[in-house]
Amino acid sequence: MGVVGGGQLARMMQPAALALGLRLRVLGEGPDVSAAQVITPAPVGAADDLTALVAFASDCDAVTFDHEHVPPAGLRAMAEVTSVQPGADALVHAQDKVVMREKLTELGVPCPAWARVADRSAVEGFAATAGWPVVLKTPRGGYDGKGVLVLSSPQDERWATAEAWLADWAGRGGLLAEEHVPFTRELAALVARSPSGQAAAWPVVETVQRDGVCHEVTAPAPGLAPELAAELTGIALRIAGGLDVTGVLAVEVFEVERDGRRSVVVNELAMRPHNSGHWSIDGSVTSQFENHLRAVLDLPLGDTAPRAPWTVMVNVLGPQEIEERHEDLYRSYLHVMAHDPGVKVHLYGKEQRPGRKLGHVTVYGDDLDTVRSRARHAAAFIAGEIDE
């Protein structure tokens, strides 16, 4: 089983692969990337290096991904020598936000008002209909808040950046403009789908972002009406089928309240294990990583039932100022494990940088307030935000 990309997602596939009796290999960006520390062999190769991709795929019975940045030509070249899941025709909807919006609109999936824009006049024309603020997104390459710019008015000081983006993308179809959605909170629906059409869904979760990066996930989403949870799960399954997705699909949405009624609009898609599903490693009978591998190989999917009424996952993000005591994050295990033996800690072996995802902690139990407090304490201590 091959994984293109050597980040923490590939790293977290390894325990699931071992449990399934699979031999995992990874094509990493460098010799010391997160996944290469625990998976061998781990040849080095760039996601846009056609020769490296084909050579890697030739030694695998099937290939999947740690990220969505392999160009379509690379995906199709690998598909000529082995099974590639998800395939290029599906993955393009996670690679290109304009293509995604076009397809979701065709499927009748609720989306923000949107348009493709090529210049300032087009942006202002869109705002005349959708209203200000306007959200500009680069169709490709953006993640964790990158490639996103919010313009509040025609006088916004960020127009200089916006016009530079528009000029850069002028020959590539322009940017995506979307209405600014006044949401009450963010939710995510996670499903897995196999080539034979079997599908499984985890409980809908609530996500909390910090500076554009996922910080906290609560499963299931507190206070979510069962009817809306079922509707969102149905939307995710409809997208998975309509796009012919193989593996895990994460559908990130905004919960909105209009005219006294709560509903959702789809924000982003990811066709791989996703941060909103990390809680499932410890909090679900079958994790997103195991079901992703099962789906890619068209094995029967595992039970997605939660192990407890509540599970909270909190990311460990690199602090803004790295102190000497953070040189070895594993030292913090001494406190965290002694303070709360029920906390599950997952570190990714990554070099520390401010705001970078260095790992996550998970706690599950019967009382949400207690579970959340325990998870937040553990993550904050490891990140150096508290001393005890």
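So, here is what we can say about the structure in this document. Nothing here was measured: the structure is a model prediction, and the numbers come from that model. Once a new chain begins, its residue numbering starts again from 1 and follows that chain's sequence as written. Where totals are concerned, whole chains, interfaces and linings use all residues; where local detail is concerned, this predicted model gives features only for residues with pLDDT of at least 70, and gives and counts side-chain atom pairs only at 80 or more. As a rule here, side-chain values come from all non-hydrogen atoms in the structure, and water together with hydrogens is ignored.

## A closer look at the overall build of the chain
Next, step 1: When its secondary structure is counted, the chain shows 12 helices and 17 strands.
Next, step 2: Since a compact globule built from 388 residues should have a radius of gyration of about 21 Å, the 21 Å found for the chain is in line with a globular shape.
Next, step 3: Taken along the three principal axes of its C-alpha coordinates, the chain extends 60 × 50 × 45 Å.
Next, step 4: Buried means the residue's accessible area, taken with a 1.4 Å probe over protein chains only, is under 20% of the maximum for its type, while exposed means over 50%, and partly exposed covers the values in between. Going through the 388 residues of the chain one by one, you find that 56% of them count as buried.
Next, step 5: Calculation of accessible area relied on Shrake-Rupley with a 1.4 Å probe; when residues are assessed, cover is drawn exclusively from the protein chains displayed. For the chain, the exposed surface amounts to about 16,300 Å²; the carbon and sulfur share of it is 50%. Counting from the N terminus, the helices are the DSSP runs of H or I reaching at least four residues and the strands are the DSSP runs of E reaching at least two. Our radius of gyration looks at C-alpha atoms and nothing else; its globule reference is 2.2 Å times the residue count to the power 0.38.

## Side note on the sheet that holds strand 8 (residues 175–179)
Next, step 1: For two strands to be treated as a pair, DSSP must find at least two bridges joining them. On the basis of which strands lie adjacent, the open sheet formed by 4 strands has the order 5-8-6-7 and antiparallel pairing. Single-partner strands in this sheet number two, and they are strand 5 (114–117) and strand 7 (148–151). Taking each pair of neighbouring strands and ignoring which way they run, the sheet shows an average axis angle of 25°.
Next, step 2: Whether two residues are in contact is decided by their heavy atoms: any pair within 4.5 Å suffices. Lines fitted to C-alpha atoms define the axes, with helix axes restricted to the stretch in contact, and inter-axis angles between N-to-C directions lie between 0 and 180 degrees. Running at roughly 145° to strand 5, helix 5 (residues 97–106) makes contact with strand 5, strand 6 (134–137) and strand 8 of the sheet.

## Some thoughts on the environment of A127
Next, step 1: The topology assignment puts A127 in helix 6 (residues 120–130).
Next, step 2: Owing to a relative accessible area of 5%, A127 belongs among the buried residues under this scheme.
Next, step 3: Between the alpha carbons of A127 and A177 there is a distance of 8.9 Å; along the sequence they are 50 residues apart.
Next, step 4: Look past the residues within four positions of A127 in its chain and what remains in contact with it is W132 and V134.

## A short note on the packing of aromatic side chains
Next, step 1: Pairing of aromatic rings covers Phe, Tyr and the six-membered ring of Trp, with a centre-to-centre limit of 6.5 Å; geometry is then stacked below 30 degrees between planes, edge-to-face above 60, and tilted otherwise. Scanning all chains against the criterion turns up 3 aromatic pairs.
Next, step 2: Judged by centre distance (4.6 Å) and plane angle (10°), the ring pair of F183 and F254 falls under stacked. On the criterion of sequence distance, the pair formed by F183 in the loop between strand 8 and strand 9 (185–193) and F254 in strand 13 (residues 247–258) is long-range, its members being 71 residues apart.
Next, step 3: Judged by relative accessible area, F254 falls into the buried class, the value being 12%.
Next, step 4: Centroid distance Y330 to Y333: 5.0 Å. Interplanar angle 65°. Geometry classified as edge-to-face.
Next, step 5: On the basis of relative accessibility, which here comes to 17%, the residue Y333 falls in the buried class.

## Some thoughts on unusual backbone geometry
Next, step 1: Residue P133 follows W132 across a cis peptide bond; omega there is 0°.
Next, step 2: Structurally, P133 is set in the loop between helix 6 and strand 6.
Next, step 3: Here the residue pair A219 and P220 is connected by a cis peptide bond, since its omega of -10° sits within 30 degrees of zero.
Next, step 4: Among the structural elements, P220 can be located in the loop between strand 12 (213–219) and helix 8 (226–242).
Next, step 5: In this model, D244 sits at a positive phi of 55°, which is unusual for a non-glycine residue.
Next, step 6: Within the secondary structure, D244 is located in the loop between helix 8 and strand 13.
Next, step 7: Exposure remark for D244: the relative accessible area of 49% places this residue in the partly exposed category.
Next, step 8: A positive phi angle, close to 55°, is found at D259, a residue other than glycine.

## A few points about the side chain of T82
Next, step 1: Take T82: it is sitting in the loop between helix 3 (72–79) and strand 4 (83–84).
Next, step 2: Since its relative accessible area comes to 12%, T82 is described here as buried.
Next, step 3: Polar contact is the term for a pair of N or O atoms within 3.5 Å; when the atoms are in protein, one must be able to donate a hydrogen and the other to accept it, and sequence-neighboring residues count only if both atoms are side-chain atoms. A distance of 3.1 Å separates the side chain of T82 from the backbone oxygen of D61, its partner in a polar contact.
Next, step 4: Setting aside residues up to four positions removed in sequence, T82 forms contacts with A57, C60, D61, A62 and V63.

## Focus on the sheet that holds strand 2 (residues 25–27)
Next, step 1: If you walk across this open sheet you meet the 4 strands as 2-1-3-4, and the pairing is parallel. Every other strand in the sheet has two partners, leaving strand 2 and strand 4 as the edge strands with one partner each.
Next, step 2: Running at roughly 175° to strand 2, helix 2 (residues 50–58) makes contact with strand 1 (2–4), strand 2 and strand 3 (62–65) of the sheet.

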